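For reference, the chains in residue letters:
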Amino acid sequence: MAIEGKDEQAREPRIRLGMVGGGAGAFIGAVHRMAARLDDQFDLVAGALSSTPEKAIASGRDLGLDPSRTYGSYKEMAIREARLKDGIEAVSIVTPNHVHFEAAKEFLKRGIHVICDKPLTSNLADAKKMKKAADESGALFILTHNYTGYPMVRQAREMVANGELGKIRVVQVEYPQDWLTEAVEQTGAKQAVWRTDPAQSGAGGSTGDIGTHAYNLAAFITGLTLESLAADLDSFVEGRRLDDNAHVMLRYEGGAKGMLWCSQVAPGHENGLKIRVYGTKGGIEWVQADPNYLWFTPFGEPKRLITRNGAGSGAAAGRVSRIPSGHPEGYLEAFATIYTEAARAINAVKKGVAVDKAVVYPTVDDGVKGVAFVEACVASSKKNGAWVKL
């Protein structure tokens, strides 16, 4: 966070953190661990790091965890940690999608805060059950849509909320990648295998994996509520069971219109998340590959470049920025922002005080909306792109 806020937060004891999934060979687990440690708010003290006990124990050893707190299953971990005087206060769930609900439920019912990777679950029925479990537990639920942690995304959100773009008319968001251009899942590549398996990923392929990020980013910045959509999904790679490309038209409450494109078969795009928002007074554009800059064009005036912590950058961006302007902050810092926002909220709950209104992170409600988006896309595409209400 900004220097003053970070120092203030650092005076709090580190939050005892557990992790489900994220063991050897898992990409996102390492990202979560780095994010949790960057602002010195969490200590990883326990883990059920793999679906097989042998791999879980080996992964725990590699991370330097106490062997007595390296578990063969998330249920065992939840039960024992809840009984320990110094048990975990929060858990990160970084498994394939189909495990999220059952794992999170075990911790929520024991009052342990949950930090969960997206999408929330592999199907909407489980997503709704997750919300019910979270609401009844009293524990916090943080969904790691990490792109909402970028300072200039917060800047864009603040500008929209302040009316600087006027009434929003058009939202254009895209998230193209190229890593699934060939059938790499058939080679046994771990990250590709589960993401293209309906039993583990859910009904959506590219829509669930990256389309949910694009959808959430548009909602986070604009504050708009999606009313209905029309989707055209494809599985271009022969034999692939889930979509690897999607074109989606969006209708928002209040009359704004949008278009969302997500693809994992777009050669030349490594991670091309980009959003443009246009209103009656002006437009903005943000590109994740160059995240410290936000373009703003007031109608009838020259295009303006707003830089992180530079002239024109507001309080919302500064609050989640760690270093002076001109020094780039990127993906890991944005991810860490979600963890530090979570820490602020958890510490407030521990003290029995209200969470600061400035603290912003995606919630279980955002997760339900994301899964509903995926299932609506699938339903629409099966009806030849018919409009489907959310």
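Please refer to the structure placed before this passage.
As the structure is a prediction and not an experimental result, all values here were calculated from the model. (Residues numbered from 1 in each chain as written. Predicted model: local features only at pLDDT ≥ 70, side-chain atom pairs only at ≥ 80, totals over all residues. Heavy atoms only, no water.)

**Things to note about the layout of surface pockets**
One way to see where empty space is left: roll a probe the size of a water molecule over the atoms. Approximately 1100 Å³ is the volume found for the largest pocket. Those elements that provide at least two residues to the lining of the largest pocket are α2 (27-38), α3 (53-62), α8 (190-195), α9 (198-201), α10 (206-222) and α12 (331-351). Sort the elements by how many residues they give to the lining of the largest pocket and α8 lands first, with 5 residues. The volume enclosed by the second largest pocket comes to roughly 410 Å³. Around the second largest pocket, the lining comprises 20 residues; the ones closest to its centre are Asn216, Ala219, Leu224, Asp366 and Lys369. The set of elements that each furnish at least two residues to the lining of the second largest pocket consists of α10 and α13 (364-382). Looking at the lining of the second largest pocket residue by residue, the class counts come to 12 nonpolar, 5 polar and 3 charged. (1 Å grid on protein atoms, 1.4 Å probe; cavity = no way out; pocket = protein on both sides within 12 Å on 5 of 7 lines; lining within 4 Å. Points joined across faces, edges and corners; volume = space filled by probe spheres on them. Helix = DSSP H or I, 4+ residues; strand = E, 2+ residues; numbered from the N terminus. Nonpolar A, V, L, I, M, F, W, Y, C, P; charged D, E, K, R; others polar.)

**Re the packing of aromatic side chains**
For the structure shown, the criterion picks out 7 aromatic pairs. With centroids separated by 5.9 Å and ring planes inclined at 80°, the aromatic side chains of Tyr147 and Tyr175 adopt a geometry described as edge-to-face. Linking Tyr147 in the loop between β5 (141-143) and α7 (151-161) with Tyr175 in strand β6 (residues 168-176), this pair joins segments that are 28 residues apart in sequence. No difference in accessibility class separates Tyr147 from Tyr175, as the two residues are buried. Judged by centre distance (5.1 Å) and plane angle (55°), the ring pair of Tyr150 and Trp286 falls under tilted. You can see Tyr150 sitting in the loop between β5 and α7 and its partner Trp286 sitting in strand β11 (residues 282-287), a full 136 residues away along the chain. Look at Trp286 and you get buried, because its relative accessible area is 1%. Pairwise contacts between aromatic rings join Tyr147, Tyr150, Tyr175, Trp286, Tyr331 and Phe335 into one cluster. Looking at Arg157, its charged tip hangs above the ring of Phe220, at a distance of 4.2 Å from the centre. Positioned above the aromatic ring of Trp387 is the side chain of Arg251, whose terminal nitrogen or guanidinium carbon lies 3.6 Å from the ring centre. (Phe/Tyr/Trp six-rings, centres within 6.5 Å; stacked < 30°, edge-to-face > 60°. Buried < 20%, exposed > 50% of the residue type's maximum accessible area, 1.4 Å probe, protein only. Lys NZ or Arg CZ within 6 Å of the ring centre and 35° of its normal.)

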